[in-house]
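A look at the structure
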Amino acid sequence: MNSVNPDNRIEREPYVVSGKGYTAVAINVAAKAGEWIKSRQGQVKQLGSKTSAQDLVTEVDKGVEQMIRRLILTHYPDHAILGEEGVEPGAEAAKAALAEGRQHEFLWIVDPIDGTTNFVHGFPFYCVSIALVVKGELAVGVIYDPVRDEMFVAEKGKGAYMHGIPTKVSAETEPGSSLIAMGFPPDRTFAQPMNMAGLQHILPQIRGIRAGGSAALHLAYVAAGRVDGYWEVGLSPWDCAAGVLLVLESGGKVTDTLGNPYDIGTRHLVASNGKIQDFLVNSLQAAEATGFTR
Ligand code: IPD
Ligand code: CA
Ligand code: CA
């Protein structure tokens, strides 16, 4: 049981979820990984880059992914795992790895640290993202923010929760009163101009924009009603799989930037409370910022 200490702060019990269900495993693994990541903040020893100088990776990303793989495979040795650090950098390699992953009945999609740039700079906005896809459909999504100790959990058809409390998207209907999140992938030739064009068009029409540097946490925040919508062109499956299920199970909507239903291969994503989805999709189309060429 959680208890309230004299400062009125809730002292949370460590996450030990009993049972052998997929969700319990995802929660336990995310909790362990998150604790480890948090303990290494400010102590990165090997800072490397992937596709560009902006595309960072550390020994913590790699080590945590190894740990997550080991733990998942201990429970489910015959399941497949698609983890960011196990794939060559770049969109084409991600596409090929996902095509291979789709062959498996049970596919775990893992981002060991979503928000590596933040992690490296000590900007406290990063998370662990773990999704389970069963026969091509999202079944479980877990996002753990170790800094705030927030565990977001979604199960297909069973709703979404943060520490046992159901998450719900916002009720906002007006773009002008909406707080919207978006992001910039490291790719500066294709994704950056697209996202800049979208930003230029959308920002003047809304209350405010947040580009916090973690796609997964932005999606969790849409699910929790903390922002009303989110879009980004140029994502990879591990950035958004868990977050998409959180948004859907919290009553929201997720499509690609053309308004087509989400699929685990979707790279250009719009997620919202549902009420401002058309506004976002239409705005990106008007700005020619969908990431799709005609
Ligand atoms: C990145 C973050 C960032 C988003 C990028 C992602 P990483 O993931 O989610 O917010 O804008 O598209 O690549 O590299 O920190 O795992
Ligand atoms: Ca990521
Ligand atoms: Ca990552």
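Think of each chain on its own: its residues are numbered from 1, step by step along the sequence as written. Numbering of ligands from 1 and lettering of chains from A proceed in the order in which they are written. It should be noted that, the model being predicted, local features are given only for residues of pLDDT at least 70 and side-chain atom pairs only at 80 or more, the latter also being counted only at that level, while totals for whole chains, interfaces and linings use all residues. Hydrogen atoms and water are omitted, and side-chain values are computed over all heavy atoms in the structure.

**Notes on the domain arrangement of the protein**
Boundaries between domains were set according to an automatic or database domain assignment. Under the domain assignment used here, the protein contains domain 1 (22–166) and domain 2 (175–286). Between domain 1 and domain 2, the C-alpha centre-to-centre distance is 19 Å. Whether two residues are in contact is decided by their heavy atoms, any of which lying within 4.5 Å being enough. Listed by partner, the interface residues are 44 residues for domain 1 and 29 residues for domain 2. Roughly 2,800 Å² of surface becomes buried between domain 1 and domain 2 when both sides are summed, with 70% attributable to carbon and sulfur atoms. Defined here as a combined quantity, buried area equals the accessible surface (1.4 Å probe) lost by two parts on assembly, summed across both. On the domain 1 side of the interface with domain 2, the three residues burying the most area are Phe125, Leu138 and Phe152, jointly 22% of the side's total. We define a salt bridge as a side-chain nitrogen of Lys or Arg found within 4 Å of a carboxyl oxygen belonging to Asp or Glu. One can count two salt bridges joining domain 1 with domain 2. Of the charged contacts in the structure, one is a salt bridge between glutamate 150 and arginine 226, with a shortest N-O distance of 2.8 Å. We call two N or O atoms a polar contact when they sit within 3.5 Å, provided that within protein one can donate a hydrogen and the other can accept it, with sequence-adjacent residues counted only if both atoms are side-chain atoms. Seen at the junction of domain 1 and domain 2, the total is eight residue pairs in polar contact (both at pLDDT 80 or more). Helix and strand labels come from DSSP, where a helix needs a run of H or I of at least four residues and a strand needs a run of E of at least two; each type is numbered from the N terminus. When residues of the side of domain 1 that touches domain 2 are traced back to their parent elements, those giving at least two are strand 5 (80–83), helix 3 (91–101), strand 6 (106–114), strand 7 (127–134), strand 8 (137–145), strand 9 (150–155) and strand 10 (159–162). Considering each element in turn, the side of domain 1 that touches domain 2 owes the most residues, seven residues, to strand 8. Three categories are distinguished: nonpolar for Ala, Val, Leu, Ile, Met, Phe, Trp, Tyr, Cys and Pro, charged for Asp, Glu, Lys and Arg, and polar for the others, with Gly belonging to the last. Here the residues of the side of domain 1 that touches domain 2 sort into 24 nonpolar, nine polar and eleven charged.

**Brief notes about the coordination of the calcium ion (ligand 3)**
Angles at a metal have ideal values that depend on geometry: 109.5 degrees with four tetrahedral donors, 90 or 180 degrees with six octahedral donors. Here the calcium ion (ligand 3) is held by the protein donor atoms Glu84 (OE), Asp111 (OD) and Ile113 (O), which lie 2.2 to 2.3 Å from it. Note that water is not among the atoms considered, so a metal site may appear incomplete; the donors listed are N, O and S atoms within 2.8 Å of the metal, with 3.2 Å applied to Na, K and Ca. Each donor residue of the calcium ion (ligand 3) belongs to the same chain, with the gaps between them written as E-x26-D-x1-I. For the pair the calcium ion (ligand 3) and the calcium ion (ligand 2), the metal-to-metal distance amounts to 3.7 Å, and aspartate 111 bridges them. Taken as a pair, glutamate 84 in the loop between strand 5 and helix 3 and isoleucine 113 in strand 6 lie far apart in primary sequence, 29 residues in all. A relative accessible area of 15% places glutamate 84 in the buried class. Taking the relative accessible area as the measure of exposure, isoleucine 113 reaches 2% and is therefore buried. The rule is simple: take the accessible area with a 1.4 Å probe, protein chains only, and divide by the maximum for that residue type; under 20% is buried, over 50% is exposed, in between is partly exposed.

**Here we look at the coordination of the calcium ion (ligand 2)**
Protein ligation of the calcium ion (ligand 2) involves Asp111 (OD), Asp114 (OD) and Asp239 (OD), the donor distances falling in the range 2.1 to 2.2 Å. One chain supplies every donor to the calcium ion (ligand 2), and in sequence these donors are spaced D-x2-D-x124-D.

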